[in-house]
Amino acid sequence: MATSAARPRRTDHARPENQPPTDRFAVAIGGSAIGGLAIGGLVVNAPRKVAILGSTGSIGRSALEVLKSHRGTFELACISCHQQLDLFKKQCIEYRPKLAVVTDDSSLQTQQWLQGPNPSSILRAAGTDALIQAISGPDVDIVVAAIVGVAGLQSSLAAVENGKRLALANKESLVVAGQLLLATAKKSNAEIIPVDSEHCAIFQALQCDKRPTPDSVEKIILTASGGPLRDWPVEDLEKATIDDALTHPTWSMGRKITVDSATMMNKALEVVEAHWLFGLPAERIQVVIHPQSIIHSMVEYRDGSVIAQLSPPDMKLPIQYALTYPDRTPATAKRMDWNASQSLSWYPVDPDRYPALELGFEVARRGGTCGAVLNAANEAAVELFLQAKIRLTDIAKICRTVLQHHDFASSPSLEELLKQDRWARDEVMRWNKSLC
Ligand code: NAD
Ligand code: MG
């Protein structure tokens, strides 16, 4: 496969510093749903061609299950992974994508895979450029962005640049480059549909707003499970081990987001994500702890009505909705059991237990380079924690310090954002070395 990458173009920023989009809601800009083509009076629904980026991950595996239960509606155009070749090979055989791409083209394992037996007779390619080229072309309609971290940004940008529907799980794309991603989507009429369960819930609840005005929404309320350590005494948090942080009470997710959930950095990133997706300032975003993870988030309207979306915690539902919107298709995920007793509760966030959360509000308020810096510092710090080099409680402290000391720019280009990303990672490594 040729490797001439459709590199994301730099997009001019029409909006002034950190202004949310002028559209009432930034999501689902333009585009169409599972469109039917009328031929001789009959409506023929051509399957929509889906690329699942990060198919070996938690979201990727759920997305494959959703597609399996929607045969005829969708076809699997492409899957990608970075490593984990054993699982990827099995996915190629079971799900038979048209194209399979391993983005890590430097490893011997990848080269062996490219040259080895091809029992499913599918097209194979290696490298990020090959993936970008594939999702930019006519053989893909919908891109499920399920790569973890800023590594997912280039493909998210390529998807919107080429007018695809972006089913966005990779929240880091918005945290790092929200302004750029939305401006690019607007230009190309691409749709961005959130997969993150909270944002999917808000996206659904906002559809009650039939005559949106700038003030019809009072605020949005993001729910947070509180993570695996929510009942620990605050003074014990610094003793949390990797296993403690990775044992999530309600969700089964990848390692990075599970650690983010323990520190509540995940919710901090989601505050920024919501700010960009729904065009609301930080002051109109609130976070509450909801331990059962049944209410996925809420919209409080001006008149005091609160509209929530409820379902058992299973990412297959938001993935399915992002694929089928505005249609609703039969459930792939488990449904609510209304014959079983269930109590729902919520309570405010204790900032001493979760100091990371405030960083998300700060980033949503300041914008510019802050998202890139916070995200990179967090990715690097989580990696150090997972290597047992720092304590869980160090993550928020490191991120705060790096954020405070960075060279702020209000309207950065993609190149500037990536430069700040590298700088923040280097700072975290320097900080770690100074401790050794
Ligand atoms: P994961 O770690 O389980 O999977 C990550 C996937 O990304 C894997 O397929 C991996 O091969 C691929 N990948 C890793 N590094 C890469 C790189 N450098 N280049 C290309 N591909 C790479 O992660 P996950 O839990 O599925 O999360 C994926 C994304 O979805 C994250 O942004 C996360 O915040 C978001 N998200 C996840 C959940 C969840 O329930 N897991 C919920 C909401 C949002
Ligand atoms: Mg979420």
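Look above for the structure.
Predicted model only: the values in this text are computed from it and were never measured. (Residues numbered from 1 in each chain as written. Chains lettered and ligands numbered in written order. Predicted model: local features only at pLDDT ≥ 70, side-chain atom pairs only at ≥ 80, totals over all residues. Heavy atoms only, no water.)

Trainee: I'm lost on the side chain of Glu379 in this one. Help?
Mentor: Structurally, the position occupied by Glu379 is in helix H13 (residues 370–386). Residues in contact with Glu379, not counting those within four places in the same chain, are Gly149, Val150, Glu172, Lys256 and Arg425. (Helix = DSSP H or I, 4+ residues; strand = E, 2+ residues; numbered from the N terminus. Contact = heavy atoms within 4.5 Å.)

Trainee: When you look at helix H15 (residues 414–435) in this model, what are you seeing that I'm missing?
Mentor: Every α-helical turn comprises 3.6 residues, leaving residues that sit three or four positions apart pointing alike. The first and last C-alpha atoms of H15 sit 32 Å apart over 22 residues, in line with the 32 Å expected at 1.5 Å per residue. If you check which residues of H15 are buried, you get Leu414, Leu417, Gln420, Asp421, Ala424, Val428 and Asn432. Seen along its axis, H15 keeps its buried residues to an arc of 120°; they face one direction. Opposite the buried face of H15, at more than 90 degrees from it, the exposed residues are Lys419, Lys433 and Ser434. Check the buried side of H15 and you find it contacts helix H5 (153–161), helix H6 (171–188), H13 and helix H14 (394–405). (Expected span 1.5 Å × (residues − 1). Buried < 20%, exposed > 50% of the residue type's maximum accessible area, 1.4 Å probe, protein only. Arc of directions from axis to C-beta.)

Trainee: Looking at this structure, how should I read the environment of Leu222?
Mentor: Position of Leu222 among the secondary structure elements: in strand S10 (residues 217–224). The class for Leu222 is buried, based on a relative accessible area of 0%.

Trainee: Mind showing me how you'd approach the sheet that holds strand S13 (residues 306–310) here?
Mentor: Backbone-to-backbone hydrogen bonds pair the strands of a sheet. The strands run either parallel or antiparallel. On the basis of which strands lie adjacent, the open sheet formed by five strands has the order S13-S12-S10-S11-S14 and mixed pairing. Edge positions in the open sheet fall to S13 and strand S14 (347–348), since each of these has one partner strand only. Taken together, the five bridges between S10 and strand S11 (residues 285–289) define a ladder with parallel strand orientation. Across the sheet, residue Leu222 finds its bridge partner in S11, namely Val287. Across the sheet, helix H10 (residues 265–278) touches S10 and S11, and the angle it forms with S10 is around 150°. (Pairing = 2+ DSSP bridges. Axes fitted to C-alpha atoms, helices over the stretch in contact; angles between N-to-C directions.)

Trainee: I would appreciate a short explanation of the sheet that holds strand S9 (residues 191–194) in the present structure.
Mentor: Spatial strand order, S6-S5-S4-S3-S7-S8-S9: seven strands in an open sheet with parallel pairing. In the strand order of this sheet, the two ends are held by strand S6 (123–126) and S9, each with one partner. Looking at each pair of strands side by side, their axes are set apart by 20° on average, direction ignored. As paired strands, strand S3 (residues 48–53) and strand S7 (residues 142–145) are joined by four bridges and run parallel to one another. Opposite Ala51, over in S7, you have Val143 as the bridge partner.

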